[in-house]
Amino acid sequence: MDIKFYNSLSGKVELFKPIKENEVSIYVCGPTVYNHPHIGNMRPVVFFDTFRKFLERVGYTVKFVSNYTDVDDKIIKKAIEEHKSEKDITDYFISEYEKCLDAFNVSKAYENPRVTEYIPSIINYIDGLVKKEAAYVNDGEVFFDVTKDKSYGCLSKINVDDLISGARIEQNSKKKSPLDFLLWKETEEGIKWSSPWCDGRPGWHTECCVMIDTIFKGMIDIHGGGFDLKFPHHENEIAQAEAMHNDKIANYWLHTGMMDIKGEKMSKSLGNVILAKDAIKEYGADTIRLLLLNCGYRTTLNFSDDTIKDCASILQKFSCVYKQLNLLLNVNNLELNGKTSKTQVFLEDLANDINIPNAITDLLDIIKEANVELRKKDKNFDILKEDFYALTEMSYILGLHYEPKKMSENELNLYKEYLEAKANKDFAKSDELRKSLIEKNIL
């Protein structure tokens, strides 16, 4: 199956051709772990998990890596405020983050490297950039010399002259140019490491370069993250890779759009930041996961009462039909697992620039077909079996918490009792049995 998607590096939709046949290497920038993740942080997480599941379904072996930035000024500040070590802070918030991953049914990564595990390699990498004269030392700190990268701006499509005159560049009197960025920072308080230049810590933009080099041993297929990372983080990663290896780290750069809350940008100043754990608790993980997916991945996603309601409705329809089909197949002693061609359009939509909203529409079409067949007196079990198999596969790729359930003999007997009580108009007993069946997730 041909797969194509928008490559941020080229600025166009391209046919995907992996470096190694039937294998895909993906690196997605993970969180800086000093606080609970908000709902916007989870958009790239859920998107790339769905994309990975799709790639695996169509036959690829995927080596998926996402890091934890566990050294940062914000982490140091929080550790000092709470009279704890930086590791205490990061261990706690990594644990909280992983609870969200589990809730959203995110597949385990091949590796989740922590920056603090790679400090010697980072120091060696920076030293290599200095020796190549792509970086310079000034008063114990090391900076990358952006003038050495003639293609700087190739990813973000930002004009260098505009950058110099703009206000987005961090001011530092030690820099030769306001565009230059920090590779090794002197640290007066908090965690620090010895280096040839000073006691300090690495700059953010170098960390991912080193982890990718170490884990993948060369160029990768796809580097991803949220749109907000395109500049300066990913642009600066490419600049270092060009200087070190004369490459751009990845052949494809894939970015997800931002998120608004009820039409407004999410920000602390507006007081509209929604933590992922709170959204999960209030609306349910599957509803939130659907919401994060049910929008073109490059467009801005709006988190609102209406979008939540729409996704809750889709999930309700799916849940109702899926449980009915699962029950019907069990009662009639039919196979719960099987293959079907009914997912072909769904897979083709995902192959066409990862069009998840269209894929969700395909899911609804199968639900509609199954509903029609379920209402018939003489049901076609071949159709219902294939619909069930299709919904199972779609559920897996979309990351929903639904999979075939083999009912025990006791559960089947309970269901038969329920049907008998209903037929005998013993409403008290049927209501009691129905409640029990719902608790067992059968009805």
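Summarised in this report is the structure supplied together with it. Throughout this description, residue numbers start from 1 for each chain and increase along the sequence as written. Confidence filtering applies because this is a predicted model: local features only for residues at pLDDT of at least 70, side-chain atom pairs given and counted only at 80 or more, and all residues used for totals across whole chains, interfaces and linings. Each side-chain value is worked out from all heavy atoms of the structure, with water and hydrogens disregarded.

## Let's talk about the packing of aromatic side chains
- Working definition: a ring pair exists when centres of Phe, Tyr or Trp rings (six-membered ring for Trp) sit within 6.5 Å. Plane angles under 30 degrees give stacked, over 60 give edge-to-face, the rest tilted. Throughout the structure, instances matching the rule amount to 19 aromatic pairs.
- Measuring from ring centre to ring centre gives 5.2 Å for F16 and Y252, while their planes differ by 65 degrees; the resulting arrangement is edge-to-face. Pair noted here: F16 is in the loop between β2 (12–15) and β3 (23–28) and Y252 is in strand β10 (residues 250–256), with a separation of 236 residues, a long-range link. The same class applies to F16 and to Y252, which are both buried.
- Ring geometry for F47 against Y297: centres 4.9 Å apart, planes inclined by 25 degrees, an arrangement best described as stacked. In this pair, F47 is assigned in helix α1 (residues 42–57) and Y297 in the loop between α9 (285–293) and β13 (301–303), connecting sequence segments 250 residues apart.
- Pairwise contacts between aromatic rings join F5, F16, F47, F48, F51, Y60, Y252 and Y297 into one cluster.
- Across from the ring centre of Y396, 5.8 Å away, lies the NZ or CZ of K53, which sits over that ring. Only DSSP runs of H or I covering at least 4 residues are called helices, and only runs of E covering at least 2 are called strands; the numbering of each starts at the N terminus. Buried means the residue's accessible area, taken with a 1.4 Å probe over protein chains only, is under 20% of the maximum for its type, while exposed means over 50%, and partly exposed covers the values in between. Both a distance and an angle decide whether a charge sits over a ring: NZ of Lys or CZ of Arg must be within 6 Å of the ring centre and within 35 degrees of the ring normal.

## Concerning the side chain of K323
- Tracing the sequence through the fold places K323 in helix α10 (residues 305–331).
- We note that K323 is buried and unpaired, the nearest opposite charge coming from D286 at a distance of 9.5 Å.
- Between N or O atoms, a polar contact is any pair within 3.5 Å; within protein, one atom must be a potential hydrogen donor and the other a potential acceptor, and residues adjacent in sequence are included only when both atoms are from side chains. Of note is the side chain of K323, whose polar atom sits 2.7 Å from the side chain of N441.
- Beyond its immediate stretch of four places on either side in the chain, K323 contacts Y402, N441, I442 and L443. Positive residues here are Lys and Arg, negative ones are Asp and Glu, while His and the chain termini are left out of the count. The term salt bridge refers to a side-chain nitrogen of Lys or Arg lying within 4 Å of a carboxyl oxygen of Asp or Glu. Here, residues are in contact when the closest pair of their heavy atoms is within 4.5 Å.

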